[in-house]
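# Remarks on the overall topology
Next come the chains, spelled out residue by residue.
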Amino acid sequence: MAEVKLTAQVRTDFGKGAARRARRAELVPAVIYGHGAEPKHVAIHNHALMMALKTPNVLLRLDVDGKDELVIPKAVQREAIRGFLVHVDFLSVKKGEKVTVEVPIVTEGDLAPGANLLEHLLNTLPIEAEATHLPESVTVSVAGLTAGDTVLAKDVVLSAGSSLAVEDDVVVLQVVAAQAEAAAESAEGASAEG
């Protein structure tokens, strides 16, 4: 995983008014937590941060007053309608340190022929991995699965150094038969009786 380098300014003003002023100046208020240290209040250029956050669980190297700080995003708040960044919480990490993150699940392959539907019970999978080697996603093959088949968390192939942060028997995906045909048949039967 590549790391992204951004510059962060230390914030000394707090509160709603200060946050609004920062956003007008195209800065996103953020806080860096972790390792028992006092939280650091910073502001980061909006566009650069938005582009960096397009990668799930991105590793950021923040330049805060000339000192580098390795962080990963933990909570990202966006404006409800337009999706602008409002506030970000970062977790400070160190090389070699293990962290728990949610990784998006990507499916590949085609289901078996027939009227089958793939149901995602989980869109992300909690895993534990080294902070500097977080996977962007996990890929699950659904090739040839038929109605009634399930994919459990233990069936998902993880990258080296990663482990599940959820029970092995949690259902991630399942294949179900399409309900449209059964509904159509019952509707025909009801109209023939009337």
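You'll find the structure just up there.
Now for a look at the structure at hand.

Reading the values: rules and limits
Residues numbered from 1 in each chain as written. Predicted model: local features only at pLDDT ≥ 70, side-chain atom pairs only at ≥ 80, totals over all residues. Heavy atoms only, no water. Buried < 20%, exposed > 50% of the residue type's maximum accessible area, 1.4 Å probe, protein only. Helix = DSSP H or I, 4+ residues; strand = E, 2+ residues; numbered from the N terminus. Arc of directions from axis to C-beta. Contact = heavy atoms within 4.5 Å. Pairing = 2+ DSSP bridges. Patch = residues over 30% accessible without salt bridge, like charges linked within 9 Å, V, L, I, M, F, W, Y side chains within 5 Å. Areas by Shrake-Rupley, 256 points an atom, 1.4 Å probe, with all protein chains shown as cover. Salt bridge = Lys/Arg side-chain N within 4 Å of Asp/Glu carboxyl O. Lys, Arg positive; Asp, Glu negative; His and termini not counted. Charge placed at Lys NZ, Arg CZ, Asp CG, Glu CD.

## Topic: helix α1 (residues 16-24)
- Taken residue by residue, α1 has A18, A19 and A22 as its buried positions. The buried residues of α1 all sit within an arc of 100 degrees when viewed along its axis, so they share a single face. The exposed set on the far side of α1, more than 90 degrees from its buried face, consists of K16 and R24.
- Residues of α1 that are buried make contact with β2 (27-33).
- Two residues or fewer after α1 comes E26, characterised by a positive phi angle close to 60 degrees.

## Quick look at unusual backbone geometry
- Residue E26 is not a glycine yet carries a positive backbone phi of 60 degrees.
- As for its placement among the helices and strands, E26 is situated in the loop between α1 and β2.
- Classification of E26 as partly exposed rests on a relative accessible area of 46%.
- Although it is not a glycine, D65 adopts a positive phi angle of roughly 55 degrees.
- Along the chain, the position of D65 falls in the loop between β4 (59-64) and β5 (67-78).
- We classify D65 as exposed; its relative accessible area is 62%.

## Description of the pairing of strand β1 (residues 3-10)
- Where β1 and β4 come together, six bridges link them in parallel fashion. Its bridge partner being in β4, T7 is matched across the sheet by D63.
- Here β1 pairs with strand β3 (residues 40-45) via three bridges, running antiparallel. Across the sheet, A8 pairs through a bridge with I44, a residue of β3.

## Concerning a positive patch on the surface
- On the surface, K16, R20, R21, R23 and R24 cluster together to form a positively charged patch.
- Position of R21 among the secondary structure elements: in helix α1.
- Overall, R21 belongs to the partly exposed group, its relative accessible area being 46%.

By themselves, these are just geometric observations and shouldn't be taken as functional.
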